[in-house]
Amino acid sequence: MSKLKIAVQKSGRLHEDSMKILKDVGISIDNGKDQLKASARNFPLEVFYLRNGDIPQYLRDGVVDAAIIGENVLIEKGQDIAIIEKLGFSTCKVSVAVPKSFKYKCISDLQGKRIATSYPNTVNQFLKSNEVEANLHIINGSVEIAPNIGLADAIVDIVSSGSTLFKNNLKEVEVILKSEAVLAASPLISEENQAILDRLQFRFQSVLKGRQ
Ligand code: PRP
Ligand code: MG
């Protein structure tokens, strides 16, 4: 029998809540994230533990049928991928932040500035729609350190509790987008696996209603 292949973040802010919603819908998964792949015991499902940023490509290629992923990652790398359900957890913002000493008034204050980020497409789209030109420095993590080491004048990164901004003497000045975990589907999913995904989505909906 066919199994639905679903991608889940291997580690990071979505991992635990993703595993929790699978558990809450009554799916028990054999092993933890040390394995890159695990099977459900009581539902036709295989879980693939992947890096967040790789998931849009796996969906596009049909290597996985579905994913639990941050909406922000799809906005950055997978605007062609369909979101079929918002899951309400792992909420965050993607925001512009500057040093507290920066006398920021409006978006045009970013004109000609150096912006460090892991979200270049999101930033470029934001700058373009506001007719601002800036220089992007693309880095993969610890973005908030960039202004303190003189690498950038501003950053764009995820803000959740705001603690990382605070610790690095930065202030949020623009919210580019708000994000939460979503269930996304591959455009190449087979009819058979779509039927399994429909069942999974239905279970998710029931649990989400109960959580409200
Ligand atoms: C993420 C993100 C922010 C921070 C936001 O970083 O890149 O830096 O969390 O969360 P907060 O507002 O609750 O502080 P993470 O710790 O996952 O590490 P990374 O940037 O090195 O990937
Ligand atoms: Mg970070």
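Look up: the structure comes first, before these words.
Note that the structure is predicted; figures quoted are calculated from it, not measured.

Cut-offs applied
- Residues numbered from 1 in each chain as written.
- Chains lettered and ligands numbered in written order.
- Predicted model: local features only at pLDDT ≥ 70, side-chain atom pairs only at ≥ 80, totals over all residues.
- Near = placed C-beta within 6 Å.
- Helix = DSSP H or I, 4+ residues; strand = E, 2+ residues; numbered from the N terminus.
- Nonpolar A, V, L, I, M, F, W, Y, C, P; charged D, E, K, R; others polar.
- Expected span 1.5 Å × (residues − 1).
- Buried ≥ 20, exposed ≤ 12 C-beta atoms within 10 Å, placed from the backbone.
- Arc of directions from axis to C-beta.
- Contact = placed C-beta atoms within 7 Å.
- Core = buried A, V, L, I, M, F, W, Y, C linked by C-beta atoms within 7 Å.

To continue, consider the site of ligand 1. The full set close to ligand 1 counts 14 residues, and Gly 141, Ser 160, Ser 161, Ser 163 and Thr 164 are the nearest of them. Only strand S9 (154-159) and helix H5 (163-167) provide two or more residues apiece to the shell around ligand 1. Considering every element that reaches the shell around ligand 1, the biggest residue donor is S9, with three residues. Along the lines of polarity and charge, the residues of the shell around ligand 1 split into three nonpolar, eight polar and three charged.

The terminal C-alpha atoms of helix H6 (residues 191-211), which comprises 21 residues, lie 30 Å apart, in line with the 30 Å expected from a rise of 1.5 Å per residue. Looking only at H6, the buried set comprises Asn 193, Ile 196, Leu 197, Leu 200 and Phe 204. For H6, the angular spread of buried residues about the axis comes to 100°, placing them on one side. Opposite the buried face of H6, by more than 90 degrees, sit the exposed residues Glu 191, Asp 198, Phe 202, Lys 209 and Gly 210. For H6, the elements touching its buried residues are strand S1 (4-9), helix H1 (15-24), strand S4 (66-70), strand S5 (82-86) and strand S11 (181-185).

Our focus in this paragraph is the nonpolar core. Among the nonpolar cores identified, the biggest contains 34 residues, and Ile 6, Ala 66, Ala 67, Ile 68 and Ala 184 are the most heavily contacted of them. Where this core is concerned, the elements lending two or more residues are S1, H1, strand S3 (45-50), helix H2 (55-61), S4, helix H3 (71-77), S11 and H6. For this core, the element with the most residues is S11, which contributes five residues. Setting aside chain neighbours within four positions, we find Ile 68 in contact with Ile 6, Val 8, Leu 14, Ser 18, Leu 87, Ala 181 and Leu 183. Counting residues in hydrophobic clusters, the runner-up holds 19 residues, among them Val 94, Val 96, Phe 126 and Ala 146.

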